[in-house]
Amino acid sequence: MIYWNRDLAARLKCPEKEKQQLPIFIKKLMVYVEKIHEIGVPATIPNVERPLFPYFYQGLSLIMDNLSTEAIEEIMAVYLSVSQESGFQFLKQCIETEVVLSLASGDTPEFTFRKIVPYAGIDQADWLIQSAANMGTA
Amino acid sequence: MLMQRLARLQSLFDLIQKSESGNPSEAGEPFYKTVLEARTGEADQLMVIAKDFAEYIAILREKGKEAFEKAVSDEKRRKLKFCLRILLESQPSVNLQQSFLSGGMLTARSSREALETAMLYQGTASALKNSHPAVILKVMSAFLGMEAAVQADAWIADHYKHHSSLAEELILPGDMPDVILTNLENTARLERTIRLAGPQLAGTALSGCPRDIISELESKIFSTSGAILLNHDIEVARAEYSSDEIADAQNAFMELLETMKISDMETATGLIEPEKQKMPQDPLLVADLSNLIMETEEKLLKDILIRLSPQVIAVIVQGIEPMAHDRIFSTLPTAKARRVLDALEASTGIDTLTLTRNAQIFAQQILSEISQQHKMTAKQLPITGRLRQLLSAILSRE
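Quantities reported herein were computed from a predicted structural model and do not represent experimental measurements.

1. Points about the overall build of chain B
And then number 1: On a plain count of helices and strands, chain B comes out with 24 helices and zero strands.
And then number 2: Residue burial in chain B is summarised as follows: out of 398 residues, 51% are buried.
And then number 3: Taking contacts inside chain B between residues at least 6 apart in sequence as the whole, the part at least 24 apart equals 78%.

2. Describing helix α7 (residues 88-104) of chain A
Structural remark: α-helix, 3.6 residues per turn; residues separated by three or four positions point the same way.
All names here are of chain A.
And then number 1: With 17 residues, α7 extends 24 Å between its outermost C-alpha atoms, agreeing within 8% with the 24 Å of an ideal straight helix rising 1.5 Å per residue.
And then number 2: Taking burial as the measure, the 17 residues of α7 include 16 buried ones, the bulk of the element.
And then number 3: Looking one or two residues beyond α7, the residue adopting positive phi is glycine 106, at roughly 80°.

3. A word on the pattern of salt bridges
And then number 1: Under the defined criterion, the tally for this structure stands at 19 salt bridges over all chains.
And then number 2: A salt bridge links Asp65(A) to Lys138(B), with the shortest nitrogen-to-oxygen separation between them at 2.7 Å. Of this pair, Asp65(A) sits in the loop between α5 (54-64) and α6 (69-82) while Lys138(B) sits in helix α10 (residues 133-141), each in a different chain. Assigned by exposure class, Asp65(A) and Lys138(B) land together as buried.

4. So, the nonpolar core
And then number 1: Ranked by internal contacts, the top residues of the largest apolar core, which has 110 residues, are Phe56(A), Leu60(A), Ile72(A), Leu6(B), Phe53(B) and Leu115(B).
And then number 2: Look past the residues within four positions of Phe56(A) in its chain and what remains in contact with it is Leu29(A), Tyr32(A), Ile36(A), Val48(A), Glu96(A), Val99(A), Val100(A) and Leu103(A).
And then number 3: Membership of the second largest hydrophobic core comes to 39 residues, among which are Leu308(B), Val312(B), Phe329(B) and Phe362(B).

5. Digging into the interface of chain A and chain B
And then number 1: Contacts between the two partners involve 53 residues from chain A, matched on the other side by 52 residues from chain B.
And then number 2: Counting across the chain A and chain B interface gives four salt bridges.
And then number 3: The shortest N-O distance in the salt bridge between Arg5(B) and Glu73(A) comes to 2.6 Å.
And then number 4: Here chain A is connected to chain B by twelve residue pairs in polar contact (both at pLDDT 80 or more).
And then number 5: Among the secondary structure elements, those contributing two or more residues to the side of chain A that touches chain B are α1 (6-12), α3 (22-39), α4 (41-44), α5, α6 and α7 of chain A.
And then number 6: Per-element accounting of the side of chain A that touches chain B gives the leading share, eleven residues, to α6(A).
And then number 7: Tallied by class, the residues present in the side of chain A that touches chain B amount to 29 nonpolar, 14 polar and ten charged.

6. Description of the packing of aromatic side chains
And then number 1: With the rule as written, the count across this model stands at seven aromatic pairs over all chains.
And then number 2: Above the face of the Phe90(A) ring, Arg11(A) is positioned so that its terminal group lies 3.9 Å from the ring centre.
And then number 3: The positively charged end of Arg11(A) is found above the aromatic ring belonging to Tyr32(B), 3.5 Å away from the centroid.

7. A short note on the layout of surface pockets
And then number 1: By volume, the second largest pocket is sized at about 770 Å³.
And then number 2: If you go around the second largest pocket, you meet 28 residues; those closest to its centre are Asn130(B), Ser131(B), His132(B), His232(B) and Asp233(B).
And then number 3: Looking at the lining of the second largest pocket, the elements that each hand over two or more residues are α6 of chain A together with α5 (43-63), α10, α13 (188-206) and α15 (224-240) of chain B.
And then number 4: Ranked by residues supplied to the lining of the second largest pocket, first place goes to α15(B) with seven residues.
And then number 5: Class assignment of the residues belonging to the lining of the second largest pocket gives a composition of twelve nonpolar, nine polar and seven charged.
And then number 6: Shared between two domains, the lining of the second largest pocket takes at least three residues from each, and those domains are domain 1 (2-159) and domain 2 (176-271) of chain B.

8. A word on the side chain of Lys138(B)
And then number 1: When its relative accessible area of 6% is taken as the criterion, Lys138(B) is described as buried.
And then number 2: Apart from residues lying up to four places away in sequence, Lys138(B) is in contact with Leu62(A), Asp65(A), Leu67(A), Ile75(A), Asp153(B), Ile156(B) and Ser225(B).

9. Considering the domain arrangement of chain B
And then number 1: Once the domains are mapped, chain B shows domain 1 (2-159), domain 2 (176-271) and domain 3 (277-395).
And then number 2: Each of domain 1 of chain B and domain 3 of chain B was reduced to a C-alpha centroid, and the two centroids are 63 Å apart.

10. Some words on the environment of Ala149(B)
And then number 1: Topologically, Ala149(B) is positioned in helix α11 (residues 149-159).
And then number 2: The exposure class assigned to Ala149(B) is buried, which follows from its relative accessible area of 11%.
And then number 3: Considering only alpha carbons, one finds Ala149(B) and Lys138(B), eleven residues apart in sequence, at a separation of 6.9 Å.
And then number 4: If near-sequence neighbours (up to four positions away) are discounted, Ala149(B) is found in contact with Gln58(A) and Tyr79(A).

11. Structural notes on the packing of α5(B) against helix α6 (residues 65-73) of chain B
Relative orientation and spacing of two packed helices are given, respectively, by the angle between their axes and the distance between those axes.
Residue and element names in this part refer to chain B.
And then number 1: Between α5 and α6, the shortest axis-to-axis distance is 7 Å and the interhelical angle comes to 155°. One finds that α5 runs roughly antiparallel with respect to α6. In this structure, α5 uses Tyr56, Ile59, Leu60 and Lys63 to contact α6, whose residues at the interface are Lys65, Ala67, Phe68, Ala71 and Val72.
And then number 2: Residue composition of the contact of α5 with α6, by class: seven nonpolar, no polar and two charged.

12. Some thoughts on the state of the cysteines
Residue and element names in this part refer to chain A.
And then number 1: In the structure shown here, the tally under the stated rule is zero disulfides over all chains.
And then number 2: Considering cysteine sulfurs only, cysteine 14 is the nearest to cysteine 94, which forms no disulfide, with 10 Å between them.
And then number 3: A residue is classified by how much of its surface remains accessible, and cysteine 94, at 0% relative accessible area, is buried.

13. Topic: the confidence of the model for chain A
And then number 1: In the predicted model, chain A carries a mean pLDDT of 88, and the fraction of residues at 70 or more is 92%.
And then number 2: Within chain A, helix α9 (residues 122-135) of chain A has the poorest average pLDDT of any element, 68, and α5(A) the best, 98.

Thresholds, definitions, all that
Residues numbered from 1 in each chain as written. Chains lettered and ligands numbered in written order. Predicted model: local features only at pLDDT ≥ 70, side-chain atom pairs only at ≥ 80, totals over all residues. Heavy atoms only, no water. Helix = DSSP H or I, 4+ residues; strand = E, 2+ residues; numbered from the N terminus. Buried < 20%, exposed > 50% of the residue type's maximum accessible area, 1.4 Å probe, protein only. Contact = heavy atoms within 4.5 Å. Expected span 1.5 Å × (residues − 1). Salt bridge = Lys/Arg side-chain N within 4 Å of Asp/Glu carboxyl O. Core = buried A, V, L, I, M, F, W, Y, C linked by side-chain atoms within 4.5 Å. Polar contact = N/O pair within 3.5 Å; in protein donor to acceptor, adjacent residues only side chain to side chain. Nonpolar A, V, L, I, M, F, W, Y, C, P; charged D, E, K, R; others polar. Phe/Tyr/Trp six-rings, centres within 6.5 Å; stacked < 30°, edge-to-face > 60°. Lys NZ or Arg CZ within 6 Å of the ring centre and 35° of its normal. 1 Å grid on protein atoms, 1.4 Å probe; cavity = no way out; pocket = protein on both sides within 12 Å on 5 of 7 lines; lining within 4 Å. Points joined across faces, edges and corners; volume = space filled by probe spheres on them. Domains from an automatic or database assignment. Axes fitted to C-alpha atoms, helices over the stretch in contact; angles between N-to-C directions. Parallel < 35°, antiparallel > 145°, perpendicular 65-115°, else oblique. Disulfide = S-S within 2.5 Å. pLDDT = per-residue confidence, 0-100.

Structure below.
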C-alpha cells in the first residue's frame with residue numbers, strides 16, 4: 001500500500017523550470033557516489049561540499065555511526081520533516097537523503113542512480129539514463 | 001520508502017496540530033514552519049528532555065525493569081512520564097498513536113509542546129523497536145535540526161565511553177582476521193560489505209576477531225558513536241551466540257565480501273575502454289578456450305584448477321567469455337578463488353600470446369590428467385570428439 005499525504009505532495013511540488021536543474025544536481029551527487037564506491041565514506045566525506053549538500057553530508061556521518069538503514073531513514077526523515085524548505089530545495093534534500101539510504105543499503109552506483117532518477121520526472125529521467133549510458137555510468 | 005515514512009510523519013504532525021485548538025483550519029501554517037521558533041529558541045530545554053529519555057532507556061537496558069520503574073516513579077514531567085509508562089507496561093506491538101490519542105497526549109498548546117510531543121512520540125516508537133539509546137537520542141535530537149547532532153554525539157561519547165573499546169577478547173580460528181586486514185588498505189569494499197550485512201551480522205562476524213583488528217577497523221571506518229555501537233553489537237553477539245554461530249556469521253560475511261570483490265572486478269572490466277585493457281584480440285582463441293572450459297567434466301576441471309597456479313588461472317579468466325568465467329569461479333574452492341582474484345587485481349592486462357601460452361598449459365593439463373586417470377584401463381583416451389577438437393585447436397597454435 002502506498003501511504004501518501006497531501007501536504008507532503010504540496011511541499012514537494014516545484015515548477016518544471018526549476019526541475020530542469022535536477023539532472024546537473026544528480027550528476028554532481030553521482031560523482032560523490034562513484035568516489036565512495038572507489039575509496040569509501042571516510043575518505044570521501046572531507047571532500048563533500050557541505051553547504052551545497054547538507055543532507056548528503058549529514059547522512060554520510062550517520063553511515064559512519066554504524067546505524068542500520070532503517071535507523072538512518074528514521075533520523076533523516078525527521079530532519080526533512082523539520083526542514084524549513086519547500087519546493088525545489090526540499091526536493092533536492094529528499095534526493096540527497098535517497099542517495100544516503102541507497103549507500104547505506106550497500107547499493108552499487110548504478111542502482112543508486114536508478115533509485116534517484118525518478119525524482120527528475122519521466123522525461124528528465126529518460127534523458128538522464130540515456131546520457132549516463134553514453135558515458136558508461138548506468 | 002522514504003516518501004512513505006515522510007507521509008506518516010506528516011500525518012502525525014497533522015494530528016498534533018489539529019489537537020492544538022480542535023480546529024484544523026486554525027492551525028494554518030504547516031508543522032515544519034510552526035516549530036521553527038521552538039526549534040531555535042527552546043532547543044536546549046528540548047535537548048535535555050531527549051537526553052533524559054535516552055538516559056531512562058539506558059537504565060532499562062543496563063539495569064533492568066525494576067530500576068527503570070523506580071526511576072520513572074520519580075519523574076515529574078507529564079508527557080515524558082506517559083511515554084516511559086508505555087514502555088514499562090506495553091508490548092512492542094502497542095498501537096502508539098492510539099495510546100497517545102486516548103491519553104490526550106496529542107494535544108499541544110504551543111509550538112514548543114507540539115515539537116516535544118512529536119519528539120517523544122518518535123523516541124517511544126524507536127524504543128519499542130528495541131533501538132540502542134544512542135540511536136533513540138539521535139532520532140529525538142533530529143527534531144532540533146542538524147546542529148543538535150553534535151550535542152547528541154557528545155552525550156553518546158560521554159555516556160558510553162566505557163564501550164569505546166572492548167574489554168574481553170574472543171578469537172575464533174579462521175580466515176576472518178586476515179580478510180579484514182587485507183581489506184584495510186582501501187576500506188571501500190569492506191565498508192560496503194558491512195553496510196550490506198547490516199550492523200547485527202557484521203557485529204556477530206567481528207565478535208570472533210582479535211581486539212586490535214577491531215580497533216583498527218573502527219579507527220578507519222567508524223566515528224566515535226559508530227565504534228560504540230559496533231562494540232555493543234559485538235558484546236551482544238558474544239553473550240547470545242555460540243562459537244559455531246559466530247563462525248557461521250563469519251563465513252556469511254566473507255562470502256558477501258567475496259561476492260563484492262567479484263562484482264567489482266566485473267564492473268571494472270566493463271568500464272575500462274577496450275584499448276586500455278590489453279584484452280586478447282583473437283575471438284577464435286577466446287571462443288575455443290571458453291568452450292573447452294564449458295566442455296570439461298566437472299571433477300576433471302576442479303582437479304586441474306586446484307593444480308594450476310593462481311596466476312595462470314587469472315590469465316585464463318581474462319581471456320574467456322562470462323559463462324566460462326562463472327564456471328571457473330563456481331568450481332574453484334573459496335580459498336583458491338580468493339588467490340585468483342588477488343592475482344587478477346595484480347594483473348595489468350594480457351595480450352594474445354600470453355593467453356595462448358596459458359591456454360596451452362591448461363589444455364596440456366587436461367590431456368595429462370585424462371591419460372593419468374585412464375593409463376591402466378584403456379588404450380585410447382576417452383575424449384569426446386568435441387573436446388579433442390578444442391584441445392587440438394588450442395595446442396596447435398603458435
